[in-house]
Amino acid sequence: MASHIKIRKAEGTWVVRAGGAVLGESNDALELQEGDYPPVIYFPRSDLAMAFLEPTDHKTTCPHKGEASYFSIVTKSQTLENAVWSYEAPNEDVARIRDHLGFSIGEYLAVEQI
C-alpha cells in the first residue's frame, strides 16, 4: 500500500445524513487516512439506502486508489451533485474500499459517529 494511505475499521457506529434524512448506518465502516488529509469514512453499499443515489458520468482518478465513479444524492428538497464516490475496481493496495462509498461532507451532508 502507498505508505501515506492507511485503512482500518472505523470504530463504533457511523451514520450518513443528507438534508436531515438518514441514508445509512453502519458498524462496518472503514476509515481511510491519506497523508495529511482528514480521514474519510467509507460505508459498505449494503448499509446504505442506494435508492437515493443516482450514478453520474463524473469520474476522477487517483494514482494511489484508481478511478472513482460518482453519485448524486436526491432528497425531497434538492440534489447534491457528485456528492458520493466509489472505487469500483480500486488499486490492489486499497482493495478493502471496494463496495464502499465515501461522502463529500458539507452543509447538507454529514457523516457522524453515533
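Structure shown above.
Residues numbered from 1 in each chain as written. Predicted model: local features only at pLDDT ≥ 70, side-chain atom pairs only at ≥ 80, totals over all residues. Heavy atoms only, no water.

S.K.: Quick question: what am I supposed to make of the packing of aromatic side chains here?
M.R.: Think of a pair of aromatic rings as described by two things: how far the centres are apart, and how the planes are tilted against each other in angle. For the coordinates displayed, the defined rule picks out two aromatic pairs. For the pair Tyr 42 and Trp 85, a centre-to-centre distance of 6.1 Å together with 85° between the ring planes defines the contact as edge-to-face. Linking Tyr 42 in strand β5 (residues 40–44) with Trp 85 in strand β8 (residues 79–86), this pair joins segments that are 43 residues apart in sequence. For the pair Tyr 42 and Trp 85, one class covers both residues: buried. Measuring from centroid to centroid gives 5.7 Å for Phe 43 and Phe 103, while their planes differ by 90°, and the two rings are edge-to-face. Linking Phe 43 in strand β5 with Phe 103 in strand β9 (residues 100–103), this pair joins segments that are 60 residues apart in sequence. (Phe/Tyr/Trp six-rings, centres within 6.5 Å; stacked < 30°, edge-to-face > 60°. Helix = DSSP H or I, 4+ residues; strand = E, 2+ residues; numbered from the N terminus. Buried < 20%, exposed > 50% of the residue type's maximum accessible area, 1.4 Å probe, protein only.)

S.K.: It is not clear to me how the side chain of Glu 34 should be interpreted in this structure. Could you clarify?
M.R.: Tracing the sequence through the fold places Glu 34 in strand β4 (residues 30–34). A distance of 2.5 Å separates polar atoms of two side chains, one belonging to Glu 34 and the other to Lys 65. Every residue in contact with Glu 34, bar those within four places of it in the chain, is listed here: His 4, Ile 5, Cys 62, His 64 and Lys 65. (Polar contact = N/O pair within 3.5 Å; in protein donor to acceptor, adjacent residues only side chain to side chain. Contact = heavy atoms within 4.5 Å.)

S.K.: What is the right way to look at the layout of surface pockets in this model?
M.R.: To find leftover empty space, one rolls a probe the size of a water molecule over the atoms. Computed from the structure, the largest pocket encloses a volume of approximately 330 Å³. Along the wall of the largest pocket there are 19 residues; nearest its centre are Tyr 37, Pro 38, Val 40, Tyr 42 and Trp 85. Elements with a contribution of two residues or more to the lining of the largest pocket: β4, β5 and β6 (53–62). In terms of residue class, the lining of the largest pocket is built from 14 nonpolar, three polar and two charged. (1 Å grid on protein atoms, 1.4 Å probe; cavity = no way out; pocket = protein on both sides within 12 Å on 5 of 7 lines; lining within 4 Å. Points joined across faces, edges and corners; volume = space filled by probe spheres on them. Nonpolar A, V, L, I, M, F, W, Y, C, P; charged D, E, K, R; others polar.)

S.K.: What should I look at first to understand the sheet that holds strand β3 (residues 21–26) in this one?
M.R.: Within a sheet, neighbouring strands are paired by backbone hydrogen bonds and run either parallel or antiparallel to one another. Strands sit in the order β3-β2-β10 across an open sheet of three strands; the sheet is antiparallel. Strands at the two margins of the open sheet, each flanked by one partner only, are β3 and β10 (109–113). Averaged over all pairs of adjacent strands, the angle between strand axes in this sheet comes to 15°, irrespective of strand direction. By the bridge criterion, five bridges tie strand β2 (residues 14–18) to β3 in an arrangement that is antiparallel. Among the inter-strand pairings, Val 16 is bridged to a residue of β3, identified as Gly 24. (Pairing = 2+ DSSP bridges. Axes fitted to C-alpha atoms, helices over the stretch in contact; angles between N-to-C directions.)

S.K.: Where do I start with the pattern of salt bridges in this structure?
M.R.: It is possible for side chains of opposite charge to pair when their charged atoms get near one another. Across all of its chains, the model carries four salt bridges by this definition. When the shortest N-O distance is used, the salt bridge between Arg 8 and Glu 31 registers 3.0 Å. Placement of the pair is Arg 8 in strand β1 (residues 5–9) and Glu 31 in strand β4, with a sequence separation of 23 residues. Residues Arg 45 and Glu 88 are paired through a salt bridge, measuring 2.6 Å at the closest nitrogen-oxygen approach. Of this pair, Arg 45 sits in the loop between β5 and β6 while Glu 88 sits in the loop between β8 and β9; the two residues are 43 residues apart in sequence, bridging distant segments of the chain. What makes Glu 88 partly exposed here is its relative accessible area of 39%. (Salt bridge = Lys/Arg side-chain N within 4 Å of Asp/Glu carboxyl O.)

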